[in-house]
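# A structural walkthrough
Here are the chains, one letter per residue:
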Amino acid sequence: MIDLSHFRGKTVAVLGLGKSGLASVKALVNSGAIVWAWDDNEESRHQLDDLNVTPVNLVECDWNVPEILVISPGIPSTFPTPHAAAEKARRAGKAIVCDVELLCTTVAQTPMLAITGTNGKSTTTALTAHIISQSGIKTQVGGNLGYPVLGFDALGADDCYVLELSSYQLDLIDQAAFDASALLNITPDHLDRHGGMTGYIGAKRNIFARQKGPQWAIISIDDKHCAKMATELAREGGHRMVEISVNGPAPHGVYVNDHWLVDDLENAQDPILDLATVTHMPGRHNWQNIAFAYALCRARNVATSDIIAGIMSFPGLAHRQEQLGAIDGVTFVNDSKATNAEATAKALSAYDNIYWILGGKPKEGGIDGLETFYGRIKKAFLIGSAAQAFAQTLDGQVPYEMCGTLDVATRRALETAKADQAETANATGQTDATSPAPVILLSPACASFDQFKSFEARGDAFRSLFNDLSATTSDIAPRTNQEA
């Protein structure tokens, strides 16, 4: 656990007792701080009993006493309406920070790599940590992804922390600077929490603030917001700029050219890896994740051969185009994390011959904008409360079937894919080896909350269905494809 002994004997307020808040309380108590902790949920406050910490209502307390407010990133401190405790702390002139700030200002001797972006940051973070760890460097990974940072072990100068940071967390750092910072992309998201697009972009830009000299600023130039920021950062100077692109050359950066990953960091234009061989990470969005991970690992002085080995051995993250396996030549892909059309577009662009399972609690805009991928889809299988609306969108463009629930859709998708395979074989006398293998893709473009408590629960259910079907595939009789 991180030693925060510089707070020994001092009062620190902690607001929010989720994973990060509770880890903050534990680290502060173990370091000898006096902790005033609060959560608006009474049940959450009971977690303090085991730590011998008495809850202090931070809305009613004397804000002349605490040194600082450590706030859980999920609690608004500014927009749309600040929590009353945050507003009182601000009026009292107290800094309002998150746990990442305490980590970075406490263990500055350990190299830190920080990753943010609207999409892809979890995969990039996990891939980067996997590569560095596999290379023999002691590594801990967390932040917005998984583990709270103040629960980390203290590491040394030869080790590495890899942090995924959300815009909420970046809004709550004041002194932290990172040895290498990466910004993957920016598209509108969480605008209510940042007062609009300008505030959201500003929060993302904070990942590069206070960098100096040899510290790396790694940024995509493939979307307009990042490209503009890259130009501004290059003009300001003060750090090592590394541009990333999957659409063409990025001089002195890392880019993808004709599906090859190219290292131009030393102006050598060195082709490193044929990304077409990285079959467990398909699609241009994954190429971007790989390019960023490569640059981050180079910043940590990992050998190129070790980076390539780590990329090829990376198991991927659950629910993010997670390849579950195949049944009778039909591949199953769990992309339950795709809760909107933009995320689903990445999956649809990565495969052909798709049997698409979609639906759930719809987001604004539904599946508008996915028309360019319709030619890749053999048939759609609709579930959840969005099914009727999606049927109207797909009508006359993509064959679809109303399935209602995930178990029905999964079984029908496999039946249909096998029937289509059999029909092709009967018509030609042989299997078409040139045709892409069929893919049953769960990429719902919807929230899960109409039928599942989370996208993880939905993805776990899909994995269980795959496992059951794998064990009982002989029970599935291919039927003629029936278009609804």
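These numbers were taken from a predicted model, which means no experiment stands behind them. In every chain, residue numbers begin from 1 and rise along the written sequence. Given that this is a predicted model, residues contribute local features only at a pLDDT of at least 70 and side-chain atom pairs are listed and counted only at 80 or more, while totals for whole chains, interfaces and linings are drawn from all residues. To obtain the side-chain values, all non-hydrogen atoms of the structure were used and water was disregarded.

What follows deals with the overall build of the protein. Secondary structure elements are taken from DSSP: a helix is a run of H or I of four residues or more, a strand is a run of E of two residues or more, and numbering for both begins at the N terminus. Looking only at helices and strands, the protein has 15 helices and 21 strands in total. With C-alpha atoms as the basis for the radius of gyration, the globule rule is written as 2.2 Å multiplied by the number of residues raised to the power 0.38. The C-alpha atoms of the protein give a radius of gyration of 24 Å, which matches the 23 Å a tight globule of 484 residues would have. Over its C-alpha atoms, taken along the principal directions, the protein stretches across nearly 80 × 55 × 40 Å. Every one of the 484 residues in the protein was classed for burial, and the buried ones make up 54%. Residue exposure ignores everything except the shown protein chains as possible cover, and the areas themselves are Shrake-Rupley values with a 1.4 Å probe. With an accessible surface of roughly 20200 Å², the protein has 48% of that area assigned to carbon and sulfur atoms. Positive residues here are Lys and Arg, negative ones are Asp and Glu, while His and the chain termini are left out of the count. For charged residues, the charge sits on one atom: NZ in Lys, CZ in Arg, CG in Asp, CD in Glu. One way to put it: in the protein the 38 positive side-chain charges average out to a point 4 Å from where the 55 negative ones average out. The buried label applies to any residue whose accessible area, calculated with a 1.4 Å probe on protein chains only, is under 20% of its type's maximum; exposed applies above 50%, and partly exposed to all values in between.

Now for the UniProt feature "domain: Mur ligase central" (unreviewed entry) in the protein. As recorded in UniProt, the feature "domain: Mur ligase central" (unreviewed entry) lies at residues 115–296. Across residues 115–296, the secondary structure splits into 31% helix and 22% strand, with the terminal C-alpha atoms separated by 9 Å. UniProt positions are given in the numbering used here, feature names are shortened, and annotations may be inferred rather than shown by experiment.

Pairs were defined over the aromatic rings of Phe, Tyr and Trp, the Trp ring being its six-membered one, requiring ring centres within 6.5 Å. Orientation was assigned from the angle between planes: stacked under 30 degrees, edge-to-face over 60, tilted for the rest. Scanning the model with the defined rule gives four aromatic pairs in all. Where Tyr147 meets Phe152, the ring centres are 6.1 Å apart and the plane angle is 10 degrees; that geometry is what we call stacked. Under the relative-accessibility criterion, Tyr147 is labelled partly exposed at 45%. For the ring pair Phe152 and Tyr161, a centre distance of 5.1 Å and an interplane angle of 10 degrees mean the geometry is stacked.

A few words on the pairing of strand S1 (residues 11–15). Counting buried residues in S1 gives five out of five residues, a clear majority hidden from the surface. Residue alternation in S1 divides its side chains into two sets, Thr11, Ala13 and Leu15 and Val12 and Val14, and both sets are buried. In this description, strands pair whenever DSSP reports at least two bridges between them. Taken together, the five bridges between S1 and strand S2 (residues 34–38) define a ladder with parallel strand orientation. Paired with Val14 across the two strands is Ala37, which belongs to S2. A crossover counts as right-handed when, viewed with the strands pointing away from the observer, the path leading from the first strand over the helix to the second turns clockwise. The β-α-β motif built from S1, the intervening helix H1 (residues 19–30) and the parallel element S2 has right-handed crossover chirality. Sheet analysis places S1 next to strand S3 (residues 68–71), joined by three bridges and oriented parallel. Counterpart to Ala13 in the pairing with S3 is Leu69.

With that settled, the discussion passes to the domain arrangement of the protein. For the protein, the assigned domains read domain 1 (5–97), domain 2 (104–313) and domain 3 (322–474). What counts as a domain boundary in this text is fixed by an automatic or database domain assignment. When each unit is reduced to the centre of its C-alpha atoms, the spacing between domain 1 and domain 3 is 45 Å.

Next up on the list: the pairing of strand S8 (residues 180–183). The alternating pattern of S8 places Ala180 and Ala182 and Ser181 and Leu183 on opposite faces, both of which are buried. Of the pairings in the sheet, the one linking strand S5 (residues 112–116) to S8 comprises four bridges and is parallel in character. Bridge assignment links Ile115 to a residue of S8, and that residue is Ala182. Judged from the four bridges that link them, S8 and strand S9 (residues 216–220) form a sheet pairing that is parallel. Following the sheet pairing, Ser181 is matched in S9 by Ala217.

What follows covers the state of the cysteines. In this description, the term disulfide denotes a pair of cysteine sulfurs within 2.5 Å. As enumerated under the stated definition, the model contains zero disulfides in all. As a non-bridged cysteine, Cys446 has Cys403 as the owner of its nearest cysteine sulfur, 14 Å distant.

It is worth spelling out the pattern of salt bridges at this point. What counts as a salt bridge is simple: a side-chain nitrogen of Lys or Arg found within 4 Å of a carboxyl oxygen of Asp or Glu. Applying the stated criterion to the full structure yields 15 salt bridges. A salt bridge links Glu87 to Arg90; its shortest N-O distance comes to 3.4 Å. Here Arg90 and Glu87 lie together in helix H3 (residues 84–91), a separation of three residues that amounts to about one turn. Of the charged contacts in the structure, one is a salt bridge between Arg412 and Glu415, with a shortest N-O distance of 2.5 Å. Of this pair, Arg412 and Glu415 both sit in helix H14 (residues 406–428), three residues apart, which is roughly one turn of that helix. Note on Glu415: relative accessible area 8%, which makes it buried.

Turning our eyes to something else, we now look at the packing of helix H5 (residues 121–134) against helix H10 (residues 284–299). Axis geometry follows a simple rule: fit a line to the C-alpha atoms, using only the stretch in contact for helices, then measure angles between N-to-C directions, giving values from 0 to 180 degrees. Taken N-terminus to C-terminus, the directions of H5 and H10 make an angle of 45 degrees; their axes are 9 Å apart at the nearest point. When the axes of H5 and H10 are compared, the pair comes out oblique. Considering only the axes of H5 and H10, their crossing is right-handed. Seen from H5, the contacting residues are Thr123, Thr124, Leu127, Thr128, Ile131 and Ile132; seen from H10, they are Asn286, Asn289, Ile290, Phe292, Ala293, Leu296 and Cys297. Taken together, the residues that form the contact of H5 with H10 break down as eight nonpolar, five polar and no charged. When describing relative orientation, an angle under 35 degrees is termed roughly parallel and one over 145 degrees roughly antiparallel, while 65 to 115 degrees is termed roughly perpendicular and anything else oblique. By convention the crossing between two helices is left-handed if the near helix lies anticlockwise of the far one by an angle smaller than a right angle, and right-handed if it lies clockwise. For this analysis, residues touch if any pair of their heavy atoms sits within 4.5 Å. Amino acid classes used here: Ala, Val, Leu, Ile, Met, Phe, Trp, Tyr, Cys and Pro are nonpolar; Asp, Glu, Lys and Arg are charged; the rest, including Gly, are polar.

At a minimum axis separation of 10 Å, H10 and helix H11 (residues 304–313) run at an interaxial angle of 145 degrees. Here H10 runs over H11; the crossing is right-handed. Within the contact between the two elements, H10 uses Ile290, Tyr294, Cys297 and Arg298 and H11 uses Thr304, Ile307 and Ile311.

This brings us to the nonpolar core. Think of a nonpolar core as a cluster: buried Ala, Val, Leu, Ile, Met, Phe, Trp, Tyr and Cys residues, connected wherever their side-chain atoms sit within 4.5 Å. Within the largest apolar cluster, 63 residues are counted, with the highest numbers of intra-cluster contacts made by Leu58, Leu69, Leu103, Leu163 and Phe178. Domain assignment of the residues forming this core places at least three in each of domain 1 (5–97) and domain 2 (104–313). Beyond its immediate sequence surroundings of up to four residues, Phe178 is in contact with Val100, Cys104, Met112, Ala114, Leu163, Leu165, Ile173, Ile207, Gln211 and Gln215. Within the second largest apolar cluster, 42 residues are counted, among which are Val246, Leu273, Ile311 and Phe314.

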